[in-house]
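Below, each chain spelled out in residue letters.
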Amino acid sequence: MKRLWLAFGTVIVVSFSILGWIGTRIYQEMPPIPDRVVTREGRVVIGSGEIGQGQNIWQTMGGMEVGSVWGHGSYVAPDWTADSLRRELEFVLGEWARTEHGKPYKELGAEQKGALRARLEQTFRANTYDPASRTLVIDEVRARAFASNAAHYTKLFAEGEPAYAIPKGAVPDAERARKLAAFFWWTAWSASTNRPGDTISYTHNWPHEPLVGNVPTGESVLWTGVSILMLLGGICAMVWWYASQPKETPMERPAADPLLPLAATPSQKATLKYFWVVALLILAQILLGVVTAHYGVEGDGFYGIPLSKWLPYSVTRTWHVQLGIFWIATSWLAAGLYIGPLVSGCEPKHQALGVNVLFAALLVIVVGSLAGEWLSVHNRLTDAQAFLWGHQGYEYVDLGRIWQILLLAGLFIWLFLVFRAVKPAFRNAGEQKPLLTIFLMSAGAIGLFYGAGIMWGQHSHLSMVEYWRWWVVHLWVEGFFEVFATAVIAFFFARLGLVRPRLAAEAALLSAAIYLAGGIIGTCHHLYFTGTPTVALAWGSVFSALEVVPLTMVAYGALDDLRRGRATEWARRYRWPIYYFVAVAFWNMLGAGLFGFMINPPIALYFMQGLNTTPVHGHAALFGVYGMLGIGLMLVCLRAMGRREEWNDRVMKFAFWAMNGGLFAMTVFSLLPVGLLQTWASVSNSYWYARSMEFLQTPLMQTLRWMRAPGDTVFALGAVALVWFVLKIRPAEQN
């Protein structure tokens, strides 16, 4: 165990040191935000502070839930970086063609087009920003192009656009819309202007836009090759390591369920309402997902009902994402509260009161944050109020800052409750001590690392916001929550006497070290094109490839769990939680591993970022891995809580296979084909075209979007069966 602890500690210290160093490099080399943008004649085009104000307006209206910026966000509306850039390029080419040749650009000959495009690339890639005065100088023609874009966006957000699922009055004020256009313009400028002394843009030439010379960089190609070599080498090493391990020696299994004589404590019974809320939130998330997906084909309503007046796409998608995080996190937190007294064999005084108070606090946070997001999108809050109470505009951490702080406080209260419940177990821990240590350590990390979500402010630079945001999404959810879940599952099997506590601890610690070895630095694979230097691309590509390595071997652990569940007759009572753990392994391999690596290498993500290949990975990994894990943990606790009750196998079988089959159909038969066709359009034409109305509204693409319906329906029916089952569960009242 000492070697494992040393390896784990080394991974943590070295990995966070590198990730922190990369953060300092991002801060030093992120795209500058001009205080003013002026023409060569001195005319002010974008006034002092207007780019930052435009960013705040973008956040208030829903931010990443209304299209995307730098490829991060939602998928129905355009990527505003690519859209703003393309519109500006076409305006300049059109004006030059009319002025110099007396005809539209499309009617020019190849030689004339080539000359204009060469001048266009030279004009746009020249960096004319002056750091001393914080002033950016542009040609008069670009100023007119900005005015044209501003007029377009003013009309778009005032009148709405069903094809983009943008309702009327999204940004009703013309001056606010012009500032919003200024923010879009700055993201496009940083994507097409060379870094000082370099030949690539601040975003590594993303998005793909041949008109301005935005093509993949040599670094993207090089580090893609290195990442593939690292993946293959890592898989080979993992196979050899697995082959060298001695087989687990058989152990004597208990003759009866060790948990059967135990009655649920008051605090354990109090967790039941957490699981009821989890079930209801699952149902609400699915209903919102149905509406959100439908907006892709009917952008201003739901089968003729003008739903966008009350629940526009930006609200339904925000709530869909937020509720997913809320119910998954709630199931994991409730599992920790339930496991605590089971670990120590006793219950601290007033523990049930603490569990109930935390439950009420979490309900307030959920309801309050969702209401604040609705008020923000409907222009009922100022930008400052929206940041604090409404919508921050950043996907996965949309809730206002006050709600974030309250949630962080709730996590520390949860940590206190878990610690006081587990603490007595350390007195006579014996072989369980390492496992208990891992359990508490991972619980502490859950409270601590959510704090990364408050490391930025309302006016923070977008590159730094992205750096810290992915600490929450990648490290908090995909990293330490998974370590915590691994520890809980290991303890569950050890408490049932199906695995030795020391062996369970070694397996949990080894898994944590292997996952985090790639996962911590691998966070940077989200940051390739967000105004970051090459170091983020290099480190992120290599270590994100290593993240996939352990996922190729998850079948070993899953099948071991399955065998343990069949080891004795009484253990079969826990088969449904175990089946969900096996499903986690499958989706880890497919959703996180295969679909994740499909978009992770720099050259792949260069063309795919923000296309429907992203939700293929997102749905299969978020629900397939973390959702199924949350359901499995919930069922473990419910099985232990109602020990003598026989479960309805038909309902559980239908729920399990319908949810897994529906999720597979949704991703493979709809999202994946749409994403791959978009990738083809991105490679062969431009990224702007792959996200454009002209491409997405074609009959083929619309048909493929409708192909989600069968999978979604099957999935939803399975979820309804699960919810109905959970709501019927009652705790055992006596020994």
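It should be emphasised that the depicted structure is a prediction, and the values quoted were computed from it without experimental measurement. (Residues numbered from 1 in each chain as written. Predicted model: local features only at pLDDT ≥ 70, side-chain atom pairs only at ≥ 80, totals over all residues. Heavy atoms only, no water.)

Across its full length, the chain holds 26 helices and 6 strands. The C-alpha atoms of the chain give a radius of gyration of 27 Å, which matches the 27 Å a tight globule of 735 residues would have. Its C-alpha atoms put the chain at 90 × 55 × 45 Å along the principal axes. Residues classed as buried in the chain amount to 61% of the 735 residues present. Counting only contacts in the chain whose residues sit at least 6 apart along the sequence, the fraction spanning at least 24 positions is 78%. Here the chain displays about 27300 Å² of accessible surface, and carbon together with sulfur accounts for 65% of that area. Averaging the coordinates of the 57 positive side-chain charges in the chain and doing the same for the 49 negative ones gives two points 8 Å apart. (Helix = DSSP H or I, 4+ residues; strand = E, 2+ residues; numbered from the N terminus. Rg over C-alpha atoms; globule rule 2.2 N^0.38 Å. Buried < 20%, exposed > 50% of the residue type's maximum accessible area, 1.4 Å probe, protein only. Contact = heavy atoms within 4.5 Å. Areas by Shrake-Rupley, 256 points an atom, 1.4 Å probe, with all protein chains shown as cover. Lys, Arg positive; Asp, Glu negative; His and termini not counted. Charge placed at Lys NZ, Arg CZ, Asp CG, Glu CD.)

Here we come to the nonpolar core. Formed by 204 residues in total, the largest nonpolar core has its most connected members in Trp58, Trp80, Phe157, Trp414, Trp476, Tyr580 and Ile631. Dropping the residues within four chain positions of it, Tyr580 is found in contact with Met628, Ile631, Gly632, Leu635, Met652, Ala655, Phe656, Met659 and Leu722. Of all hydrophobic cores here, the second largest spans 21 residues; its members include Tyr606, Tyr687, Trp688 and Ala690. (Core = buried A, V, L, I, M, F, W, Y, C linked by side-chain atoms within 4.5 Å.)

Relative to strand β6 (residues 135-138), strand β1 (residues 36-39) runs parallel, the two sharing 4 bridges. Bridge pairing in β6 places Arg36 opposite Thr135. Relative to β6, strand β5 (residues 129-130) is paired through 2 bridges, and the arrangement is antiparallel. Residue pairing across strands places Tyr129 opposite Leu136, the latter belonging to β6. Two successive antiparallel strands, β5 and β6, enclose a turn made up of 4 residues, where Arg134 displays a positive phi of approximately 55 degrees. (Pairing = 2+ DSSP bridges.)

Our next topic: the sheet that holds β6. Taken together, the 4 strands give an open sheet; going across it, the order is β2-β1-β6-β5, and neighbouring strands pair in mixed fashion. Looking at the sheet topology across the chains shown, the edges are occupied by β2 (44-46) and β5.

Here we take up the packing of helix α19 (residues 575-599) against helix α21 (residues 613-641). Relative to each other, α19 and α21 sit at 160 degrees, their axes nearing to 8 Å. As summarised for this structure, α19 and α21 are arranged roughly antiparallel, according to the angle between their axes. The hand of the α19/α21 crossing is left-handed. Grouping the amino acids of the contact of α19 with α21 by side-chain chemistry returns 21 nonpolar, 8 polar and no charged. (Axes fitted to C-alpha atoms, helices over the stretch in contact; angles between N-to-C directions. Parallel < 35°, antiparallel > 145°, perpendicular 65-115°, else oblique. Left-handed = near helix turned anticlockwise from the far one by under 90°. Nonpolar A, V, L, I, M, F, W, Y, C, P; charged D, E, K, R; others polar.)

Most of helix α2 (residues 50-60) sits inside the fold, with 9 of its 11 residues counted as buried. What α2 keeps buried is the set Glu50, Ile51, Gly54, Gln55, Asn56, Ile57, Trp58, Gln59 and Thr60. With its phi angle positive at about 125 degrees, Gly62 sits one or two positions after the end of α2.

Here the focus is unusual backbone geometry. Peptide bonds are trans in most cases, and residues, glycine excluded, mostly fall at negative phi. Going from Trp206 to Pro207, the amide bond is cis rather than trans, its omega being 5 degrees. With respect to the element layout, Pro207 can be found in the loop between α6 (174-192) and α7 (218-244). At Trp70, a position not held by glycine, the phi torsion is positive, near 55 degrees. Position of Trp70 relative to the elements: it lies in the loop between β3 (68-69) and β4 (72-73). Of note, the phi angle at Tyr303 is positive, near 50 degrees, even though the residue is not glycine. Within the element layout of this structure, Tyr303 appears in the loop between α9 (272-294) and α10 (313-344). Given a relative accessible area of 56%, Tyr303 falls into the exposed group.

This part takes up a nonpolar patch on the surface. On the surface, Phe586, Met589, Phe664, Phe669 and Met707 cluster together into a nonpolar patch covering about 450 Å² of accessible area. At the level of elements, α19 and α22 (649-684) are the ones that each hand at least two residues to the nonpolar patch. If you trace the backbone, Phe664 turns up in helix α22. In this structure Phe664 comes out as partly exposed when scored by relative accessible area, which is 33%. (Patch = residues over 30% accessible without salt bridge, like charges linked within 9 Å, V, L, I, M, F, W, Y side chains within 5 Å. Salt bridge = Lys/Arg side-chain N within 4 Å of Asp/Glu carboxyl O.)

Let's shift gears to the pairing of β1. A regular strand places its side chains so that they alternate between the two faces of the sheet. With 2 bridges connecting them, β1 and β2 associate as antiparallel partners. Of the residues in β2, the one forming a bridge with Val38 is Val44. The turn joining β1 and β2, which pair antiparallel and follow one another in sequence, is formed by 4 residues; a positive phi near 95 degrees is taken by Gly42.

Quick look at the environment of Ser511 now. Looking at the secondary structure, you find Ser511 in helix α16 (residues 501-519). Residue Ser511 is classed as partly exposed on the basis of its relative accessible area of 24%. Along the chain, Ser511 and Gly400 lie 111 residues apart, while their C-alpha atoms are 34 Å from each other.

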